[in-house]
Amino acid sequence: MTATLSKVDRGPAQEAGPRPPRRYRLSNLDAKVSPYLFVAPFFVLFGAIGLFPLLYTAYVSLFDWEVGADEPLFIGLENYRTLFEDDQFWNALFNTFSIFLLSSVPQIIVAVVIAALLNANLRARTGWRMGVLLPYVASLVALTIIFGSLFGPQYGLVNDVLGLFGISPIDWQASTFGSHVAIASMVNWRWTGYNALIILAAMQAIPRDVYEAALVDGASALRRFFSITLPMLKPTLIFVIVTSTIGGLQIFTEPKLFEPAGGSGGGSEHQYQTVVLYLYQSAFQGLDLGYASAIAWVLFLVVIGVAVLNFFLTRRAVR
């Protein structure tokens, strides 16, 4: 009876079989753990230089926190209430959206056209593709200074060209709309070629047999572009539009250097002061870190909202 029970007790262990070799267990553990270790540096860096500053900015925005203050005063949402009653903030927000629309909308349209031209059978295509990327490679500060001279009110080349058509000189820096056009021109010059190459790469990934089938069916080049190319570019267009939205609503260098003195006021009447310029002015000139943090968080929410809106509009428009 005892021998029988001992056999029964040993039965499950014998049915389980021998333990797998150590090399196999390590290999299995490596396959499960390694992917997380490979992506861990990104999340560590994102948490250190992305998420933590974002959350800490939200914390600072709840205080009356000036540079050098030993004990900041907790005031809750008072900075946000003051911000929404601040006319200069709303003016900066209007300027930001105006420059964003004048830059991003033409930029995306022209980038698609340039990408379509570069995708055609051109001579020296590599040279043309490198050429459209040169404005992006050039120094942003140098480009801003050059464009500031081109749009100069007295000796600017743009006014000289307009004078050939009988148009009176425009004071680009004093005019609200004129300054927005000038700054948007800088943005378009820098980023159109970059976006065109991204769209070109997506165009070249479209299968050739799709175009061949449409050609056999008698579809014209224009019909193939609107019925095949644009719908199949939808993921890339969404990416380009969202990134252009994020960058366009955070514009800083172009309006800052467009003013001859390089100030953060955005002109004598804040006619081209953007939200980021106002944030910079509040934080590093007004030394009010709490109020500047509130501006940063409101801008963050605006950027997220507009980016999500553009995402859904692009998905619906490009089918």
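Bear in mind that the values here come from a model prediction, so they are computed numbers and not experimental data. (Residues numbered from 1 in each chain as written. Predicted model: local features only at pLDDT ≥ 70, side-chain atom pairs only at ≥ 80, totals over all residues. Heavy atoms only, no water.)

## Re the side chain of Gln-273
Okay, step 1: Along the polypeptide, Gln-273 turns up in the loop between helix H12 (253–258) and helix H13 (275–285).
Okay, step 2: For Gln-273, a relative accessible area of 0% gives the class buried.
Okay, step 3: Once you skip the residues sitting within four places of it in the chain, Gln-273 turns out to touch Gln-88, Asn-91, Ala-92, Asn-95, Ser-264, Gly-265, Gly-266, Tyr-278 and Gln-281. (Helix = DSSP H or I, 4+ residues; strand = E, 2+ residues; numbered from the N terminus. Buried < 20%, exposed > 50% of the residue type's maximum accessible area, 1.4 Å probe, protein only. Contact = heavy atoms within 4.5 Å.)

## Re a nonpolar patch on the surface
Okay, step 1: Among the surface-exposed residues, Tyr-36, Phe-38, Val-39, Phe-42, Phe-43, Phe-46, Leu-51 and Leu-55 lie close enough to one another that they form a single nonpolar patch of about 940 Å² accessible area.
Okay, step 2: With respect to the helices, strands and loops of the structure, Phe-42 is situated in helix H2 (residues 22–60).
Okay, step 3: Residue Phe-42 is classed as exposed on the basis of its relative accessible area of 53%. (Patch = residues over 30% accessible without salt bridge, like charges linked within 9 Å, V, L, I, M, F, W, Y side chains within 5 Å. Areas by Shrake-Rupley, 256 points an atom, 1.4 Å probe, with all protein chains shown as cover. Salt bridge = Lys/Arg side-chain N within 4 Å of Asp/Glu carboxyl O.)

## Some words on the environment of Tyr-194
Okay, step 1: When you line up the elements, Tyr-194 lands in helix H8 (residues 176–204).
Okay, step 2: The exposure class assigned to Tyr-194 is partly exposed, which follows from its relative accessible area of 29%.
Okay, step 3: For the pair Tyr-194 and Arg-129, spaced 65 residues apart in sequence, the C-alpha to C-alpha distance is 9.8 Å.
Okay, step 4: Excluding its chain neighbours within four sequence positions, the residues that come into contact with Tyr-194 are Val-132, Leu-133 and Tyr-136.

## Observations concerning the packing of aromatic side chains
Okay, step 1: Counted according to the given criterion, the structure contains 24 aromatic pairs.
Okay, step 2: Here the aromatic rings of Phe-225 and Phe-226 are separated by 5.3 Å at their centres, their planes lie at 90°, and the arrangement is edge-to-face.
Okay, step 3: Ring geometry for Tyr-278 against Tyr-291: centres 6.4 Å apart, planes inclined by 85°, an arrangement best described as edge-to-face. Of this pair, Tyr-278 sits in helix H13 while Tyr-291 sits in helix H14 (residues 289–317), and the two are 13 residues apart along the sequence. No difference in accessibility class separates Tyr-278 from Tyr-291, as the two residues are buried.
Okay, step 4: Taken together, Phe-52, Tyr-56, Tyr-59, Phe-63, Trp-65 and Phe-74 form an aromatic cluster joined through their ring pairs.
Okay, step 5: Taking the ring centre of Trp-191 as reference, the NZ or CZ of Arg-190 above it sits at 5.4 Å. (Phe/Tyr/Trp six-rings, centres within 6.5 Å; stacked < 30°, edge-to-face > 60°. Lys NZ or Arg CZ within 6 Å of the ring centre and 35° of its normal.)

## A short note on the nonpolar core
Okay, step 1: By size, the foremost hydrophobic cluster in this structure holds 18 residues, and its most contacted members are Leu-83, Phe-89, Val-275, Tyr-278 and Ile-295.
Okay, step 2: Among the elements that take part in this core, H14 stands out by supplying eight residues, more than any other.
Okay, step 3: Excluding anything up to four places from it in sequence, Phe-89 contacts Leu-83, Val-275, Tyr-278 and Val-298.
Okay, step 4: By size, the runner-up hydrophobic cluster in this structure holds 14 residues, among which are Ile-108, Ala-196, Ile-199 and Leu-230. (Core = buried A, V, L, I, M, F, W, Y, C linked by side-chain atoms within 4.5 Å.)

## Structural notes on the UniProt feature "transmembrane region" (unreviewed entry) in the chain
Okay, step 1: Following the UniProt record, the feature "transmembrane region" (unreviewed entry) maps to residues 33–56, 97–120, 132–152, 172–191, 232–252 and 289–313 here.
Okay, step 2: Regarding residues 289–313, the helix share stands at 100% and the strand share at 0%, and the terminal C-alpha atoms are separated by 36 Å. (UniProt positions renumbered as here; feature names shortened; annotations may be inferred.)

## A closer look at the packing of helix H4 (residues 87–118) against H8
Okay, step 1: Close contact between H4 and H8 brings their axes to 6 Å; oriented N to C, the two are set at 35°. Regarding H4 and H8, the two cross each other, and that crossing is right-handed.
Okay, step 2: Taken together, the residues that form the contact of H4 with H8 break down as 23 nonpolar, ten polar and no charged. (Axes fitted to C-alpha atoms, helices over the stretch in contact; angles between N-to-C directions. Left-handed = near helix turned anticlockwise from the far one by under 90°. Nonpolar A, V, L, I, M, F, W, Y, C, P; charged D, E, K, R; others polar.)

## Some points on the environment of Ala-196
Okay, step 1: Among the secondary structure elements, Ala-196 is positioned in helix H8.
Okay, step 2: Its relative accessible area of 0% is what places Ala-196 among the buried residues.
Okay, step 3: Expressed as a C-alpha distance, the spacing of Ala-196 and Val-113, which sit 83 residues apart in the sequence, is 8.1 Å.
Okay, step 4: Residues contacting Ala-196, with those up to four places away along its chain left out, are Ala-111, Ile-114 and Ala-115.

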